[in-house]
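Here is how the chains run, residue by residue.
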Amino acid sequence: MIPVTYRSATMADAARLARLRSVIRETTGHGRPATEADVIREFTVYAEPEAFLLAEVDGDLVGWGFAAPDKNGGRSFLGGGVLAEYRGRGIGRHLLGWQLDQCSPADLPIVGCRSTDQATQSLVRRFGLVLERGFIWMTRDVALPTVPATTDLRIAAYAPGDEYALWVAHQEGFGEHFGFHPTPFEEWAARFPQDERFRPDLSYAAWDGDELVAFALCYVPSVTPEPPKTVVIEQVATRTPWRGRGAAGALLATVIDAARAAGVPELALNVDGENPTGAVRLYEKAGFVESFLRLQFSRRN
């Protein structure tokens, strides 16, 4: 057995943790690439560095785990990963055990992995987690022609001052979606339009008079000065009374045209494979195709 040291992260680990996460992403497809700025933002906005447990071998970072349970006992997403060459040596088991220990019986820890990652699926099942849902990661080549879509609603670019109306629309538009948890306005604003990754120039809303009724908000995957290869449409929703009027399709078409004009090569989004509103069909019609399926596991309470 190789000697592994486990310790809490510190702010000084931001650059090394970012490199580790990017390598894991490149070699296993797990997680998102990260920069030092991304990790610093997580340390300062989302959780203290102590919420991250690091695994080291001979002073080199080889794995990491994140656990910051929701204070209200809600759903808590547990991030983490291990370098490919160190998998199968008990490191992931130790990290996941620590993550779950941070959660109280009232918490609902969530762990995700690609559908092709049999090792992680076996690991989480050993800890009693069960398959909860499958989410489809879809992408679109922006160079392909935009599929025409129209609506009788007014489509307008995001503007400062729209935040509260967006929050209202977000709470209603996602209210019936799987796993939705209501969020106070201040917390929602900090996580979404105030996020450094937010692309206001590619984000749009649909209006019925003075009422914001639907939206599509875009983000870059990582905080970096480099031009993004992919922009993610992280939130698309329509308030219930306005569904069926073509808002989402028109918003997607507008975002695609704007991304093409901005020189963005690819758009991506994540959708619940069992979404009851027909979102998967909507995205396929707009030209998005499935890249991979991500499975989500949770603990039965």
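Before reading on, note that the structure itself is shown above.
How each quantity is defined
Residues numbered from 1 in each chain as written. Predicted model: local features only at pLDDT ≥ 70, side-chain atom pairs only at ≥ 80, totals over all residues. Heavy atoms only, no water. Helix = DSSP H or I, 4+ residues; strand = E, 2+ residues; numbered from the N terminus. Buried < 20%, exposed > 50% of the residue type's maximum accessible area, 1.4 Å probe, protein only. Contact = heavy atoms within 4.5 Å. Phe/Tyr/Trp six-rings, centres within 6.5 Å; stacked < 30°, edge-to-face > 60°. Lys NZ or Arg CZ within 6 Å of the ring centre and 35° of its normal. Pairing = 2+ DSSP bridges. Axes fitted to C-alpha atoms, helices over the stretch in contact; angles between N-to-C directions. Parallel < 35°, antiparallel > 145°, perpendicular 65-115°, else oblique. Left-handed = near helix turned anticlockwise from the far one by under 90°. Nonpolar A, V, L, I, M, F, W, Y, C, P; charged D, E, K, R; others polar.

**Looking at the side chain of E42**
By secondary structure assignment, the location of E42 is in helix α2 (residues 36–46). The class of E42 is buried, set by a relative accessible area of 15%. Setting aside residues up to four positions removed in sequence, E42 forms contacts with R21, A47 and F52.

**Regarding the packing of aromatic side chains**
Taken as a whole, this structure holds 12 aromatic pairs when the rule is applied. In this structure an aromatic cluster arises from ring pairing among F43, F52, W64 and F66. Sitting over the face of the ring of W64, R21 holds its NZ or CZ atom 4.5 Å from the ring centroid. Taking NZ or CZ as reference, R114 lies 3.7 Å from the ring centre of F292, over its face.

**Focus on the sheet that holds strand β2 (residues 52–57)**
Reading across the sheet, the 4 strands line up as β1-β2-β3-β5 and stay open at both edges, with antiparallel pairing between neighbours. In this open sheet, the two strands that pair with only one neighbour each are β1 (5–8) and β5 (80–82). Ignoring strand direction, the axes of neighbouring strands in this sheet form an average angle of 25°. Two elements, strand β3 (residues 60–66) and β5, share 3 bridges in a ladder whose sense is antiparallel. Paired with G65 across the bridge in β5 is G80. On the sheet, helix α1 (residues 14–28) packs against β1, β2, β3 and β5 and is oriented at approximately 85° with respect to β3.

**Quick notes on the packing of helix α3 (residues 91–101) against helix α4 (residues 118–126)**
As a packed pair, α3 and α4 sit with axes 11 Å apart at the nearest point and diverge in direction by 45°. The orientation of α3 relative to α4 falls into the category oblique. Both α3 and α4 take part in a crossing whose hand is right-handed. Where α3 abuts α4, its residues G92, R93 and L96 lie against L123, V124 and R126. Its residues placed into classes, the contact of α3 with α4 shows 3 nonpolar, 1 polar and 2 charged.

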